[in-house]
Amino acid sequence: MARIRFENVNKKYANGFHAVKDLNLDIQDEEFVVLLGPSGCGKSTTLNMIAGLEEVTDGALIFDDQMVNYMPPHRRDVAMVFQSYALYPHKTIFDNIAFGLQMRKQSKEEIERRVRNAARRLEIEHMLDRRPGQLSGGQRQRVALGRAMVRDPAVFLMDEPLSNLDAALRVSMRAEIKELHQEMQTTFVYVTHDQAEALTLADRIVVMSDGIVQQVGTPDEIYEHPANTFVASFLGSPPMNYIDGEIEIEGEDRALFRHDSVTLRLPENLSRKLNTDSGHRVRLGIRAEDVDEKGEVVEGQIIRGTVNSVLPVGSDQFLGMAFGDDELFFRVGKDLRHKTGENVTLAVDVSRLHFFDAATGKSLVA
Amino acid sequence: MSDIATYSGRRSLRNRFGYEERSAIFFLAPVMAVLMSVAVFPILYSLYLSFFQIKLTRPNRTPFVWFQNYTDLFTNELFWTSVRRTVVFSIVSVVAIAMIALLVSLLLNQNFRGRRVLSTILLVPWAIPYVANALMWKWIYDSGYGALNGLLYQLGFIEDYVIWLGDQDKTLLLIANAFVWKEVPLATILLLVTLKSIPADLYQAARVDGASVWQRFVHITLPSMKPGFMLVMIYETMMAIRHFDLFFILTEGGPGHASHVLSWHIYVETFRNLSFGSGAAMSYVLALVTFALSYLFIRTLGRKV
Ligand SMILES: Nc1ncnc2c1ncn2[C@@H]1O[C@H](COP(=O)(O)OP(=O)(O)O)[C@@H](O)[C@H]1O
Ligand SMILES: [Mg+2]
């Protein structure tokens, strides 16, 4: 049972590098929180501070009601799964899983019982006598999970646990980790740079960039209402398309987006939520899937262009569309075969448009 | 057609090797010739000599004696004395080298100011040739003007200058000390490389698992260092059992027979007693032991963790 709070936490490394800046975060007991961001943004640093492997430079890290800034890792009741698994190469699988319990002076019978249970749960019972070197990547991953599970910790930390697995295994392990969270009923903090992983697993996602939290929210909130262009671009594949233009306010709930080669009419409720004035430079965001090639052609709700590239992706196809000097990418069904050079008209789902300040990148939708 | 005919026909010597093999043989030939004359030939020739009784004091009588030179060793008391000295010298040296190198490599694996300078200074003994090392220690241990006497006298540890190498009980240890000084750097580097190759996240995992500093050392560092440790032990044993320079320059096997090790015994037998046959036989015994060790050495090197 643990609630984890960061209060104005900063982390500066010995070489002066400021890896985490003014972090404020409240992780609820039994919540599954995913730290998401590009490589080098400070995710591992944040996780290591929770584990106690890195010291907090400034601010307070609080578990439940206790400040733990100076508490060593083994007293924090946390367990951790490392990206490279970090299995002890000279120990058997049994001893790898049991090590944490042995260090905590549990009785032999208790250790035996817990290790067997975890091994059965993870289907690695038959390899307990082997050594890590004799296991495949997927099996090692399970051992690493087992080592954390047997501890029955208050906080379960995972640093990119799936990134060394092949694509198929990664998807099936996602489901298992989700199940594990439901069974164990503890707080999970999970680090990844894979947006799809974050969207499937998380109760809440924390998007980070350059040591700064960009947005905290449920997967839906993050995906549907990105706080800025960084978050908007980081989630979704292919990434969100941007068109720079101007807003024209025609009335209380009537607004237009104008650009040399496209004009879009905003629906009433979006117009009302838009926090901007006429003539303001904005960046329009359209998600790749928010168009329909077979939709009704209504002026103010369409975008026209020439097909640049066609990329089939199994169930769908990606259309690259030349648009001014840029190329926009859309995801459409595959029953219509498109050819490069062909002119297309796509109906835009105008209720799902995103607007950002062209200068700051901040969302303009309340 | 004609190509196929050529290859299915009887292979001439010219055809047996392809162009690449032939040019390789051509380029390797000079090196092979040199190696044959300076390495292979002497090895085989001394094996041949070891079956004769050859004494240069009686150059005209060199009977073929089969294995007598080898069987004589069993009853040669001085030979067994030298074996015992060699064993003591090697065990003392190798244990000391391994322990000191372990401590120094652990120290150098820490981050602290001046680590690089210290690492560089550490390499000095390694760069000194064996003979120069021996001459240096002869000077240090000298009873009249030696640095050791000077230092201990000025610090008040001794009342009078000591004839260090004249003490039967201490000689072998003092020579081992000089040998250890020379060998520690290489051993340290070998261990340091092993230490550096231990992934940092193993220690992190162990910290989360609740292992103390000492437990992390016992459960991660030591087992991970095993290959490097084996390597150091075997290599240094090979070096120690064959070592000659220090015994030649410092003590000539003395005082009495206190530092009469095997390599010195072989030297005396061959070049002072001019008994080439039995000298060659003893060299072969030493060579076989060394071969056995180097076999172990190479197997250790080849083994994965
Ligand atoms: N021990 C360290 N000393 C100095 N800088 C570090 C150290 N560890 C990480 N960093 C830097 O801090 C930044 C964040 O690192 P990290 O938290 O590992 O990123 P992420 O896990 O998001 O990829 C990176 O730029 C990295 O180079
Ligand atoms: Mg990381």
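Sequence order as written defines residue numbering, which begins from 1 separately in each chain. As a convention, the first chain written is A and the first ligand written is 1, with the rest following in written order. Per-residue local features are limited, in this predicted model, to residues with pLDDT of at least 70; the limit for side-chain atom pairs, both in listing and counting, is 80 or more; totals at the level of whole chains, interfaces and linings are taken over all residues. Heavy atoms from the whole structure form the basis of all side-chain values; hydrogens and water molecules are not counted.

(A) Seen up close, the site of ligand 1. Residue and element names in this part refer to chain A. Close to ligand 1 lie Y13, N15, F17, A19, P38, S39, G40, C41, G42, K43, S44 and T45. G42 is positioned with one of its backbone polar atoms (N or O) 3.0 Å from an oxygen atom of ligand 1. The Shrake-Rupley method, run with a 1.4 Å probe sphere, supplies the accessible areas, and residue values consider only the shown protein chains as cover. When ligand 1 is considered free in solution it has 560 Å² of accessible area, and contact with the protein chains removes 63% of it. Strands here mean DSSP runs of E at least two residues long; helices mean DSSP runs of H or I at least four residues long; both are numbered from the N terminus. Here the shell around ligand 1 takes three residues from helix α1 (residues 43-51), the largest share from any one element. Here the shell around ligand 1 is composed, by residue class, of five nonpolar, six polar and one charged. We call a residue near a molecule or strand whenever a single non-hydrogen atom of that residue lies within 4 Å of it. By the criterion applied in these results, polar contacts are pairs of N or O atoms within 3.5 Å in which, for protein atoms, one can donate a hydrogen and the other can accept it, and in which residues neighboring in sequence qualify only through two side-chain atoms. Amino acids are sorted into nonpolar (Ala, Val, Leu, Ile, Met, Phe, Trp, Tyr, Cys and Pro), charged (Asp, Glu, Lys and Arg) and polar (every other residue, Gly among them).

(B) View of the side chain of N228 of chain A. Residues and elements named next belong to chain A. Checked against the element boundaries, N228 lands in the loop between α7 (219-224) and α8 (229-234). For N228, the side chain forms a polar contact with the main-chain nitrogen of V231, separated by 2.9 Å. Residue contacts follow a heavy-atom distance rule, with two residues in contact if any of their heavy atoms lie within 4.5 Å. Among residues more than four places away in sequence, those in contact with N228 are Q214, F356, G361, K362 and S363.

(C) Quick peek at the packing of helix α2 (residues 93-103) of chain A against helix α4 (residues 137-149) of chain A. All names here are of chain A. Axes, fitted as lines to C-alpha atoms, cover a helix only where it is in contact. Angles between the N-to-C directions of the axes lie from 0 to 180 degrees. As a packed pair, α2 and α4 sit with axes 7 Å apart at the nearest point and diverge in direction by 30°. The pairing of α2 with α4 is recorded here as roughly parallel in orientation. The chirality of how α2 crosses α4 is right-handed. Within the contact between the two elements, α2 uses I93, N96 and I97 and α4 uses V143, G146 and R147. By definition in this entry, angles of less than 35 degrees are roughly parallel, angles greater than 145 are roughly antiparallel, angles of 65 to 115 are roughly perpendicular, and the rest are oblique. Here is the rule for handedness: rotate from the far helix to the near one, and if that takes an anticlockwise turn smaller than a right angle the crossing is left-handed, while a clockwise turn gives right-handed.

(D) Highlighting the interface of chain A and chain B. Opposite the 23 residues of chain A that make contact, chain B presents 16 residues. Defined in terms of a 1.4 Å probe, buried area is the accessible area two parts forfeit on being brought together, summed over both. Counting the surface lost from both chain A and chain B, the interface buries some 1700 Å², and carbon and sulfur atoms represent 60% of this. Every case where a carboxyl oxygen of Asp or Glu lies within 4 Å of a side-chain nitrogen of Lys or Arg is listed as a salt bridge. At the junction of chain A with chain B, the criterion picks out one salt bridge. A salt bridge links D209 of chain B to R151 of chain A, with the shortest nitrogen-to-oxygen separation between them at 3.7 Å. On the surface where chain A and chain B come into contact, there are eight residue pairs in polar contact (both at pLDDT 80 or more). Taken together, the elements giving at least two residues each to the side of chain A that touches chain B come down to β6 (78-81) and α2 of chain A. When its residues are assigned to classes, the side of chain A that touches chain B shows twelve nonpolar, six polar and five charged.

(E) Summary view of the domain arrangement of chain B. Split by domain assignment, chain B resolves into domain 1 (2-39) and domain 2 (77-301). Between domain 1 of chain B and domain 2 of chain B, the C-alpha centre-to-centre distance is 45 Å. What counts as a domain boundary in this text is fixed by an automatic or database domain assignment.

(F) The arrangement of helix α11 (residues 200-208) of chain B in detail. For the exposure calls, accessible area comes from a 1.4 Å probe over protein chains only, and a residue counts as buried if that area is under 20% of its type's maximum, exposed if over 50%, partly exposed in between. Three or more residues of α11 of chain B are buried, namely D201, L202, A205, A206 and V208 of chain B. For α11 of chain B, the angular spread of the buried residues around the axis is 160°, confining them to a single face. In this structure, the buried residues of α11 of chain B make contact with β6, α2 and α4 of chain A together with α12 (213-242) of chain B. Each direction from the helix axis to a C-beta atom contributes to the arc, which is the arc of those directions.

(G) How the structure looks around the pairing of strand β14 (residues 281-286) of chain A. Strand direction decides the pairing type here: strand β11 (residues 241-251) of chain A and β14 of chain A, joined by six bridges, are antiparallel. Counted as the bridge partner of E246 of chain A is R281 of chain A from β14 of chain A. A pair of strands is treated as paired once DSSP finds two or more bridges between them.

(H) Highlighting the domain arrangement of chain A. All names here are of chain A. By the assigned domains, chain A splits into domain 1 (4-234) and domain 2 (241-357). A straight line from the C-alpha centre of domain 1 to that of domain 2 covers 39 Å. Tallying the contact residues gives eight residues for domain 1 and seven residues for domain 2. For the pair domain 1 and domain 2, the summed buried area comes to about 700 Å², and 46% of that belongs to carbon and sulfur atoms. Our count for the contact surface shared by domain 1 and domain 2 stands at one salt bridge. Inspection of the domain 1/domain 2 interface yields six residue pairs in polar contact (both at pLDDT 80 or more). Mapped by element, the contributors of at least two residues to the side of domain 1 that touches domain 2 are α7 and α8. Residue composition of the side of domain 1 that touches domain 2, grouped by class: four nonpolar, three polar and one charged.

(I) Region of the structure containing the sheet that holds strand β13 (residues 262-266) of chain A. Residues and elements named next belong to chain A. Within the open sheet, the five strands sit side by side as β13-β12-β11-β14-β20. Their pairing is antiparallel. Each edge of the sheet is formed by a strand with only one pairing partner; in this case those strands are β13 and β20 (354-357). If you compare each strand with its neighbour and ignore which way they point, the axes differ by 40° on average.

(J) Layout of α1 of chain A. Residues and elements named next belong to chain A. Taking burial as the measure, the nine residues of α1 include eight buried ones, the bulk of the element. For α1, every residue scored as buried is listed here: K43, T45, T46, L47, N48, M49, I50 and A51. Once α1 ends, the next one or two residues include G52, with phi positive near 90°.

(K) Fine view of the sheet that holds strand β7 (residues 155-159) of chain A. All names here are of chain A. Pairing is mixed in the open sheet, where six strands are placed in the order β6-β7-β8-β3-β9-β10. Each edge of the open sheet is held by one strand with a lone partner, namely β6 and β10 (212-217). In this sheet, neighbouring strand axes are inclined to one another by 15° on average, regardless of whether the strands run parallel or antiparallel. Along the sheet, α4 contacts β6 and β7; its crossing angle with β6, the most-contacted strand, is approximately 175°.

(L) A look at the environment of F67 of chain B. Residues and elements named next belong to chain B. Turning to its location among the elements, F67 is positioned in the loop between α3 (19-49) and α4 (68-75). Taking the relative accessible area as the measure of exposure, F67 reaches 46% and is therefore partly exposed. Residues F67 and A281, spaced 214 residues apart in sequence, show a C-alpha to C-alpha distance of 8.8 Å.

(M) Focus on the pattern of salt bridges. All names here are of chain A. Summed over all chains, the structure comprises 23 salt bridges over all chains. E31 is the partner of R204 in a salt bridge, and the nearest nitrogen-oxygen pair spans 2.5 Å. With R204 in strand β9 (residues 204-209) and E31 in the loop between β2 (18-27) and β3 (32-36), the pair connects residues that are 173 residues apart, well separated along the chain. Owing to a relative accessible area of 22%, R204 belongs among the partly exposed residues under this scheme. The class of E31 is buried, set by a relative accessible area of 9%. Here D290 and R352 are joined by a salt bridge, their closest N and O atoms 3.0 Å apart.

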